[in-house]
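The residues making up each chain are set out below.
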Amino acid sequence: MWDQFIYISIICVLLWTLSSGLYLTKGYEKYASSITIIGVLGMAYFIISLWMELDRPPLRTLGETRLWYSLFMPIIGLIAYYRWRYSWIIIYSLIMGIVFLMINVMHPENYQKALMPALQSPWFVPHVIVYIFSYALLGGSALIGLKGIFQKYVQHKEINVLYMADNYVYIGFGFLSLGLIFGGLWAKEAWGHYWTWDPKETWALITWLAYLGYIHIRHYLPKHKTFHTLVLSGSFILLLICWFGLNYMSSGLNSVHTYSN
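### Some remarks on the overall build of the protein chain
Inference 1: Within the protein chain one finds 8 helices and 0 strands.
Inference 2: Element order for the protein chain, N to C, with α for helix and β for strand: α-α-α-α-α-α-α-α.
Inference 3: Counting across all 261 residues of the protein chain, residues that qualify as buried make up 52%.
Inference 4: In the form shown here, the protein chain has an accessible surface area of approximately 12,700 Å², with 68% of it arising from carbon and sulfur atoms.

### Here's the deal with the pattern of salt bridges
Inference 1: Tallying each qualifying case throughout the model produces 3 salt bridges.
Inference 2: A salt bridge links E158 to K225; the shortest N-O distance between them is 3.5 Å. Of the two residues, E158 sits in the loop between α5 (124-153) and α6 (162-191) while K225 sits in helix α8 (residues 225-243), which places them 67 residues apart along the sequence.

### A word on the packing of α6 against helix α7 (residues 199-220)
Inference 1: The interhelical angle for the contact between α6 and α7, taken along N-to-C directions, is 150°, at an axis separation of 10 Å. The pairing of α6 with α7 is recorded here as roughly antiparallel in orientation. Crossing of α6 over α7 shows left-handed handedness. Along the contact surface, α6 presents L162, Y163, A165, D166, V169, Y170, F173, L176, S177, L180 and A187, while α7 presents E201, A204, T207, W208, Y211, L212, Y214, I215 and R218.

### Quick notes on the packing of helix α4 (residues 87-106) against α5
Helix-helix packing is characterised by the crossing angle of the two axes and by the distance between the axes.
Inference 1: Contact geometry for α4 and α5: axes closest at 10 Å, N-to-C directions at 125°. Considering the angle they form, α4 stands oblique to α5. The handedness of the crossing between α4 and α5 comes out as right-handed. Here α4 contributes W88, I89, Y92, S93 and M96 to the contact with α5, which in turn contributes L143, I144 and K147.
Inference 2: Grouping the constituent residues of the contact of α4 with α5 by class yields 6 nonpolar, 1 polar and 1 charged.

### Observations concerning the packing of aromatic side chains
Inference 1: Following the criterion strictly, the structure yields 22 aromatic pairs and no others.
Inference 2: Measuring from centroid to centroid gives 5.3 Å for F72 and F133, while their planes differ by 85°, and the two rings are edge-to-face. Separated by 61 residues along the polypeptide, F72 in helix α3 (residues 62-84) and F133 in helix α5 bring together distant segments of the chain.
Inference 3: Taking relative accessible area as the criterion, F72 reaches 11% and is therefore assigned buried.
Inference 4: Ring centres of F173 and W208 lie 5.3 Å apart, and the angle between their planes is 25°; on these two criteria the pair is classed as stacked. A residue pair is termed long-range when its members are at least 10 positions apart, and F173 in helix α6 and W208 in helix α7 qualify at 35 residues.
Inference 5: The buried category is assigned to F173, whose relative accessible area is 12%.
Inference 6: Every member of this aromatic cluster is reached through a ring pair, and the members are Y69, F100, Y131, Y135, W243 and F244.
Inference 7: Seen from the ring of W88, K147 lies directly overhead, with NZ or CZ sitting 5.3 Å from the centre.

### A word on unusual backbone geometry
Inference 1: With a phi angle near 60°, R85 is a residue other than glycine that sits in the positive phi range.
Inference 2: Of note, R85 is situated in the loop between α3 and α4.
Inference 3: Residue classification places R85 among the exposed positions, given a relative accessible area of 53%.
Inference 4: Backbone geometry at H156 places phi at a positive 55°, although glycine is not the residue there.
Inference 5: Note on H156: relative accessible area 65%, which makes it exposed.

### A look at the nonpolar core
Inference 1: Formed by 75 residues in total, the largest nonpolar core has its most connected members in Y69, Y135 and Y211.
Inference 2: In contact with Y211, other than residues within four places in its own chain, are L138, S141, V169, F173, L176, L232, S235, F236 and L239.

### Things to note about α6
Inference 1: In a regular helix each residue adds 1.5 Å, so 30 residues correspond to 44 Å; α6 covers 41 Å between its end C-alpha atoms and thus fits that length.
Inference 2: Two residues or fewer after α6 comes G192, characterised by a positive phi angle close to 90°.

### Structural notes on a nonpolar patch on the surface
Inference 1: Together, Y220, L221, F227 and L230 make up a nonpolar patch on the protein surface, roughly 420 Å² of accessible area in all.
Inference 2: Among the structural elements, F227 can be located in helix α8.

Scoring rules and cut-offs
- Residues numbered from 1 in each chain as written.
- Predicted model: local features only at pLDDT ≥ 70, side-chain atom pairs only at ≥ 80, totals over all residues.
- Heavy atoms only, no water.
- Helix = DSSP H or I, 4+ residues; strand = E, 2+ residues; numbered from the N terminus.
- Buried < 20%, exposed > 50% of the residue type's maximum accessible area, 1.4 Å probe, protein only.
- Areas by Shrake-Rupley, 256 points an atom, 1.4 Å probe, with all protein chains shown as cover.
- Salt bridge = Lys/Arg side-chain N within 4 Å of Asp/Glu carboxyl O.
- Axes fitted to C-alpha atoms, helices over the stretch in contact; angles between N-to-C directions.
- Parallel < 35°, antiparallel > 145°, perpendicular 65-115°, else oblique.
- Left-handed = near helix turned anticlockwise from the far one by under 90°.
- Contact = heavy atoms within 4.5 Å.
- Nonpolar A, V, L, I, M, F, W, Y, C, P; charged D, E, K, R; others polar.
- Phe/Tyr/Trp six-rings, centres within 6.5 Å; stacked < 30°, edge-to-face > 60°.
- Lys NZ or Arg CZ within 6 Å of the ring centre and 35° of its normal.
- Core = buried A, V, L, I, M, F, W, Y, C linked by side-chain atoms within 4.5 Å.
- Expected span 1.5 Å × (residues − 1).
- Patch = residues over 30% accessible without salt bridge, like charges linked within 9 Å, V, L, I, M, F, W, Y side chains within 5 Å.

Now the structure itself:
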């Protein structure tokens, strides 16, 4: 399966690199979108094939979740591009997809069929997929936040992209909330308690509260746009800590959610 992943990854990287260049060329946007979709279909084919070969959803390890992130980011970028017609947002989304693919290429996965008992739950698939989809949406909002910082401090312009970030955050926060709920239901089934203040659970709650704070700040302090971009960027840093940074922290070593890197 690893050989197949190498070939598909190289093809996707080449396709998404080419489409990124075409998005910058007037008149070639349709070709760029078609090429992007071909790469997305290639990734979807590999994930489905891996799922069938392993006879389990490829969601157990960090490397497997990165596959889903590489799939979701270009899709979300395409949707945003056709909604707002900003080429930079689809290009950034493609770059993120390429980066996560290359991380997996440089750190090969040892795909195994076995799932530990805690993962053999009907809540496993919806919990993880909902979370990764929310991470992709919130990752897109972070890119928009960085765009706002660039407008403010480099171009010395008024920040005018946060309304796009809001759409990402509202939808992403909804899926993040679902992921938290599914996780509680899964924990009840696996360990007998909805919440145990496990390090992973705690950081998931911190991340959820950070984005809830952003939503409230945007509503009650609408004129403080620079502060909004900083909160948005900081919230995504917390999300990254929750996703994989916790695995490198001493507190994360005792987490029941640390299955494999």
